[in-house]
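Letter by letter, the chains look like this.
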Amino acid sequence: MILPIVIYGDPVLRKKTEIITPEYPGLKQLIEDMYETMYAANGVGLAAPQIGKAIRLFVTDSSRMDDEEPGIKQVFINPEIIEETEEEWKFEEGCLSIPGIREKVDRPEEIRIKYQDENFKKHDAVFGGIAARVIQHEYDHIEGVLFTDHLTAFKKNLLKGKLKDISKGDFEAKYSYKLYQPRKR
């Protein structure tokens, strides 16, 4: 099932997420739905907060991004980045939760991450290049961080109006999305 993607301005995108266990209700279906949602939106990664769930889960498929580099299709549950290289590289990023904005972001070229897969098997792996970038972007989501947080103060200031418009629904997206509606008292 394709789920609506949460758009910039929703507090769930700023929450640090909760660890999950194998008993998490409907986890297998949730993972399938996240992949289906990501593919329908032409994404290469999707984190649980982007579908309104404040849990430590994201999915990636960077094979759709770069023909020259082997991609990785992987489920990451309860991940923890434990090492990053000092060498960074700049690359243009976008985000399904921030439609229409793309900016160059510096990120470490290589990371080491501990995580559990969809069967809760533990892994300790090193990723580099595009795969590392996609993983770091999605990892940021489960930490309550957005790619725009990595921009300079000048760039953030330039984007302030666009971000406000996005939070009000003034954007175009060819996928299902959900705007934040504060509860009225």
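Provided above is the structure to which this section pertains.
Before going into details, it helps to say that this report is about the structure given with it. Because the structure is predicted, anything quoted here is derived from the model rather than measured. (Residues numbered from 1 in each chain as written. Predicted model: local features only at pLDDT ≥ 70, side-chain atom pairs only at ≥ 80, totals over all residues. Heavy atoms only, no water.)

As for the packing of aromatic side chains
The way to describe two aromatic rings as a pair is by their centre distance and the angle between their planes. Within this structure, the stated rule accounts for 6 aromatic pairs. Ring centres of Phe76 and Phe127 lie 6.1 Å apart, and the angle between their planes is 65 degrees; on these two criteria the pair is classed as edge-to-face. Residue Phe76 is located in strand E4 (residues 73-84), and its partner Phe127 is located in strand E8 (residues 122-128); the two are separated by 51 residues in the primary sequence. Like Phe76, the residue Phe127 is buried in the burial classification. When the ring of Phe171 is compared with that of Tyr177, the centres are 4.7 Å apart and the planes differ by 55 degrees; the resulting orientation is tilted. Following the ring pairs from residue to residue traces out a cluster consisting of Phe58, Phe76, Tyr115 and Phe127. Positioned above the aromatic ring of Tyr35 is the side chain of Lys73, whose terminal nitrogen or guanidinium carbon lies 4.8 Å from the ring centre. The side chain of Arg133 reaches across the aromatic face of Trp89, ending 4.5 Å from its centre. (Phe/Tyr/Trp six-rings, centres within 6.5 Å; stacked < 30°, edge-to-face > 60°. Helix = DSSP H or I, 4+ residues; strand = E, 2+ residues; numbered from the N terminus. Buried < 20%, exposed > 50% of the residue type's maximum accessible area, 1.4 Å probe, protein only. Lys NZ or Arg CZ within 6 Å of the ring centre and 35° of its normal.)

Side note on the side chain of Thr17
Tracing the backbone shows Thr17 in the loop between strand E1 (5-6) and helix H1 (27-40). According to the relative accessible area criterion, Thr17 is buried, its value standing at 8%. A distance of 2.8 Å separates a polar side-chain atom of Thr17 from the backbone oxygen of Ile142. In contact with Thr17, not counting residues within four places along its chain, are Pro49, Ala54, Ile55, Arg56 and Ile142. (Polar contact = N/O pair within 3.5 Å; in protein donor to acceptor, adjacent residues only side chain to side chain. Contact = heavy atoms within 4.5 Å.)

Some words on the environment of Met34
The topology assignment puts Met34 in helix H1. Taking the C-alpha atoms as reference, Met34 lies 20 Å from Pro11; in sequence the two are 23 residues apart. With residues near it in sequence (within four places) discarded, Met34 still touches Leu46, Ala47, Ala48, Ile51, Leu57, Phe58 and Val59.

Digging into the pairing of strand E3 (residues 57-61)
A large share of E3 lies buried, amounting to 5 of its 5 residues. A two-sided burial pattern is seen for E3, the buried positions comprising Leu57, Val59 and Asp61 on one face and Phe58 and Thr60 on the other. The sheet contact formed by E3 and E4 spans 5 bridges and is antiparallel. Opposite Val59, over in E4, you have Val75 as the bridge partner. (Pairing = 2+ DSSP bridges.)

Comments concerning the sheet that holds strand E2 (residues 45-47)
The strand order across the open sheet built from 5 strands is E2-E3-E4-E7-E8, with neighbouring strands paired in antiparallel fashion. The sheet terminates laterally at E2 and E8, the two strands that pair on one side only. The average undirected angle you get between the axes of adjacent strands in this sheet is 40 degrees. Pairing between E4 and strand E7 (residues 110-116): 5 bridges, direction antiparallel. Paired with Ile77 across the strands is Gln116, a residue of E7. Contacts between H1 and the sheet are confined to E2, E3 and E4, with E3 contributing the most and set at about 45 degrees to the helix. Its contacts with the sheet place helix H2 (residues 129-142) against E2, E3, E4, E7 and E8, and it is angled at close to 155 degrees to E3. (Axes fitted to C-alpha atoms, helices over the stretch in contact; angles between N-to-C directions.)

Side note on the pattern of salt bridges
Any two side chains of opposite charge can pair if their charged atoms end up close together. Scanning the entire structure with this criterion turns up 12 salt bridges. The residue Arg107 makes a salt bridge to Asp140 at a minimum N-O spacing of 2.9 Å. With a gap of 33 residues between them, Arg107 in strand E6 (residues 98-108) and Asp140 in helix H2 connect regions that are remote in the sequence. Classification of Arg107 as buried rests on a relative accessible area of 3%. Each of Glu93, Arg107, Arg133 and Asp140 takes part in salt bridges that share partners, so that together they form one network. (Salt bridge = Lys/Arg side-chain N within 4 Å of Asp/Glu carboxyl O.)

This is a description of form; function is not addressed.
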